[in-house]
Amino acid sequence: QHLSFGEPMAILPFFNFTLAYNTGAAFSFLHDASGWQNVFFITLAVAASGAILAWLYQHPAREWWPNLALSAIMGGALGNVWDRLTYGYVIDFLDFHFHDFHFAIFNVADSAICLGAIMMMFYWSRAR
């Protein structure tokens, strides 16, 4: 409500809040497609969330690290689904930059997906 589309609000010297709408996937992949991508990404996220739920159901509760990682991935995916269903696009606003270089603008759900994926890679690399 307090951000204007595309206008950065400086928070730190390397970080802004910048409102952006993403109809595509990561790094705006397929953002200029005709609209089918929203249905595709919603279907993909719901299917992945179902698979994660089944995996969590079978996974021992005492193995909290992978359970937390999978929950973060599922939570992020469903957060982006909510945006797509509610608005027709994902609302991104976290804008990190260094001088003239700006990383792709993203949101908290994207962060949860990435963090969960990194946690799973760490878990699998340590599994024997």
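Quick caveat: nothing in here was measured; it's all calculated off a predicted structure.

So, how was this worked out
- Residues numbered from 1 in each chain as written.
- Predicted model: local features only at pLDDT ≥ 70, side-chain atom pairs only at ≥ 80, totals over all residues.
- Heavy atoms only, no water.
- Core = buried A, V, L, I, M, F, W, Y, C linked by side-chain atoms within 4.5 Å.
- Buried < 20%, exposed > 50% of the residue type's maximum accessible area, 1.4 Å probe, protein only.
- Helix = DSSP H or I, 4+ residues; strand = E, 2+ residues; numbered from the N terminus.
- Contact = heavy atoms within 4.5 Å.
- pLDDT = per-residue confidence, 0-100.

*Asks:* Is there a simple way to explain the nonpolar core in this structure?
*Replies:* One recurring pattern in soluble globular proteins is that nonpolar side chains are buried together. Counting residues in each nonpolar core, the largest one holds eight residues, listed as Ile52, Leu56, Ala69, Leu70, Ile73, Met74, Met119 and Met120. Looking at this core, the elements that each hand over two or more residues are α1 (36–58), α2 (64–87) and α3 (108–126). It is α2 that contributes the most residues to this core, four residues altogether. When neighbours within four sequence positions are excluded, leucine 56 is seen to be in contact with Asn67, Leu70, Ser71 and Met74.

*Asks:* What is the right way to look at the confidence of the model for the chain in this model?
*Replies:* Of all residues in the chain, 92% attain a pLDDT of 70 or more, and the chain-wide mean is 91. Taken element by element, the chain is modelled with least confidence in strand β4 (residues 101–102), mean pLDDT 90, and with most confidence in α2, mean pLDDT 96.

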